[in-house]
Structure formats: structure tokens, C-alpha cells
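Single-letter residue listing:
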Amino acid sequence: MQKPDFLVHDSTDSVGVIVVEGLEAGQTLVGWVMDTDSTIEVLALDAIPLGHKVALNDIKNGDTILKYDNDIGKAVADIAKGGHVHVQNVKTKRW
């Protein structure tokens, strides 16, 4: 297996976590889905920093974001597959 660019802990997750530096828009990213020991590819729409998230599918405004099979908040804007998922488009449900 090629060294992954992002990790997905659970196949139900809507985002993957970037694990390498220097990812650019237009780059095909390879992700490792840990619970199924499989790989997936996503075309990066944005440069995404180390530790940030990439959308694995189109996410609609109001959708719940799942990371590590846990609810980490809701989308406050539409996010296209391969888009940068971070504070500009995800907010906690706590407040």
C-alpha cells in the first residue's frame, strides 16, 4: 500500500484527517480506511494543512460531520467532496 495522505478510522466517517504536509489543490489524495483496511482516493479541491480534514463526499449545510465515528459538529456551508473541512465550514452543536 502507498503511504496514505489521510486516515479514516471508520467507514461511516464523512471526513479524513490529513497526515502529511504540503498537500496542494488538484492533488489526488490516497486515504487508508482503518476499519476495513482499504484505500480510497479523493481529489483535493483545496490545499489542506496537516491535521485538518478533507470531505470524503459532498456534505450539505446542516449535515452532521463524523470523524472517528463520532459527531464533531455540523456543516454551516455546503462542502464539496475533496474540500477543506475546518472552522470556516463546521461548527460545534454545543452552542
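As the structure is a computational prediction, the values presented were derived from the model and not from experiment.

1. Things to note about the pairing of strand S4 (residues 38-43)
Consideration 1: Where strand S3 (residues 28-33) and S4 come together, six bridges link them in antiparallel fashion. Paired with Leu29 across the two strands is Val42, which belongs to S4.
Consideration 2: In sequence, S3 turns back onto S4 through a hairpin of four residues, with Asp37 there showing a positive phi of about 50 degrees.

2. Considering the UniProt feature "domain: SAF" (unreviewed entry) in the protein chain
Consideration 1: Following the UniProt record, the feature "domain: SAF" (unreviewed entry) maps to residues 14-91 here.
Consideration 2: Summarising residues 14-91: 0% helix, 42% strand, and an end-to-end C-alpha distance of 15 Å.

3. What to know about the sheet that holds S3
Consideration 1: Strand order in this open sheet of six strands is S4-S3-S1-S2-S5-S8, and the pairing throughout is mixed. In this open sheet, the two edge strands, each paired with only one partner strand, are S4 and strand S8 (84-85).
Consideration 2: Sheet topology places strand S1 (residues 6-8) next to strand S2 (residues 15-18); two bridges connect them, and they run antiparallel. Bridge pairing in S2 places Phe6 opposite Ile18.

Procedures and definitions
Residues numbered from 1 in each chain as written. Predicted model: local features only at pLDDT ≥ 70, side-chain atom pairs only at ≥ 80, totals over all residues. Heavy atoms only, no water. Pairing = 2+ DSSP bridges. Helix = DSSP H or I, 4+ residues; strand = E, 2+ residues; numbered from the N terminus. UniProt positions renumbered as here; feature names shortened; annotations may be inferred.

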